[in-house]
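Here is what each chain is made of, one letter per residue.
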Amino acid sequence: AANLPQAEQDLNNALSSFSQAQLIIEKEHRALVYVASVLPFVGDKVTSRGHILTAGHEVAVANAYLVKGMSEVAASSSEHDFLDKLNIFKVHLRGSIPHYETALAELATVDSTALPVEYQQSFTDFRVLFAGLVQDLKKTNTVFGGLETMLGGDQPRRYLVLFQNQ
């Protein structure tokens, strides 16, 4: 709904929830998680779920970067030209990509059979789509660099556009 303040609030809530969950696991259940992770049948499930938790946190951080970039672009005055707005968003996009890559690496280590059966196929599909999203974001970052150059970000440019009738 293009409600950026609400998106920022929701992402902050998600980050807080992920942090609380990790804190509870690390402080209150650390020994239990360690014991469970070395057990033959339960260990993979515990480890995989830990990777999912870490990946979720990384995705929330990356999304926060992007929403913050969109908010700053939307809030920037009309005095800012297109290149300034492009640079603002590009900085935030560059900040988000490492977090998405970390999340992708965490998800790659998850054994989908550690999830309930009804979520295994959805998780596998998500992992493939998410990998595509990360690649597309990297390409978008490259396109932004080229667009900046083309629009005269590094030095003034002049273009001549000619039309020809039949």
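One can find the structure itself at the top, above this paragraph.
K.L.:
Which residues make up the nonpolar core, and what values do they have?
P.N.:
For soluble globular proteins, the rule of thumb is that nonpolar side chains tend to be buried together. Counting 19 residues, the largest nonpolar core has L93, Y100 and F130 as its most contacted members. Only α3 (43–75), α4 (82–108) and α5 (117–150) provide two or more residues apiece to this core. It is α4 that provides the largest number of residues to this core, a total of eight residues.

K.L.:
So what about α5? Which residues, and what values?
P.N.:
Compared with the 50 Å implied by 1.5 Å per residue over 34 residues, the 50 Å span of α5 between its first and last C-alpha is a close match. Among all positions in α5, only F123, R127, F130, V134, L137, N141, F144 and E148 are buried. Phi for G152, located one or two positions after α5, is positive at around 90°.

K.L.:
Outline the packing of aromatic side chains, supporting the account with residue identities and numerical values.
P.N.:
Using the criterion set out here, one finds three aromatic pairs in the structure. Where F89 meets F144, the ring centres are 6.0 Å apart and the plane angle is 70°; that geometry is what we call edge-to-face. One end of the pair, F89, is in helix α4; the other, F144, is in helix α5, and 55 residues separate them in sequence. Its relative accessible area of 16% is what places F144 among the buried residues. Relative to F130, the ring of F126 has its centre 5.4 Å away and its plane inclined at 20°; by these criteria the two rings are stacked. Linking F126 with F130, this pair stays in helix α5, spanning four residues, or about one helical turn. The exposure class of F126 is partly exposed, given its relative accessible area of 41%. Using a relative accessible area of 4% as the deciding quantity, one classes F130 as buried.

Rules and cut-offs
Sequence order as written defines the numbering, with residues in each chain counted from 1. It should be noted that, the model being predicted, local features are given only for residues of pLDDT at least 70 and side-chain atom pairs only at 80 or more, the latter also being counted only at that level, while totals for whole chains, interfaces and linings use all residues. The basis for the side-chain values is all heavy atoms of the structure; hydrogens and waters are excluded. The criterion is simple. A nonpolar core is a set of buried Ala, Val, Leu, Ile, Met, Phe, Trp, Tyr and Cys residues joined through side-chain atoms within 4.5 Å. Each residue gets one of three labels from its accessible area relative to the maximum for its type: buried under 20%, exposed over 50%, partly exposed in between, using a 1.4 Å probe on protein chains only. Helix and strand assignments follow DSSP, with helices taken as H or I runs no shorter than four residues and strands as E runs no shorter than two, numbered in order from the N terminus. Any helix carries an expected span of 1.5 Å times its number of residues minus one. Geometry of aromatic contacts follows a simple scheme: Phe, Tyr and Trp rings, the Trp one being its six-membered ring, pair when their centres are within 6.5 Å, and the pair is stacked under 30 degrees between planes, edge-to-face over 60, tilted otherwise.

Shape is all these values report; function is a separate question.
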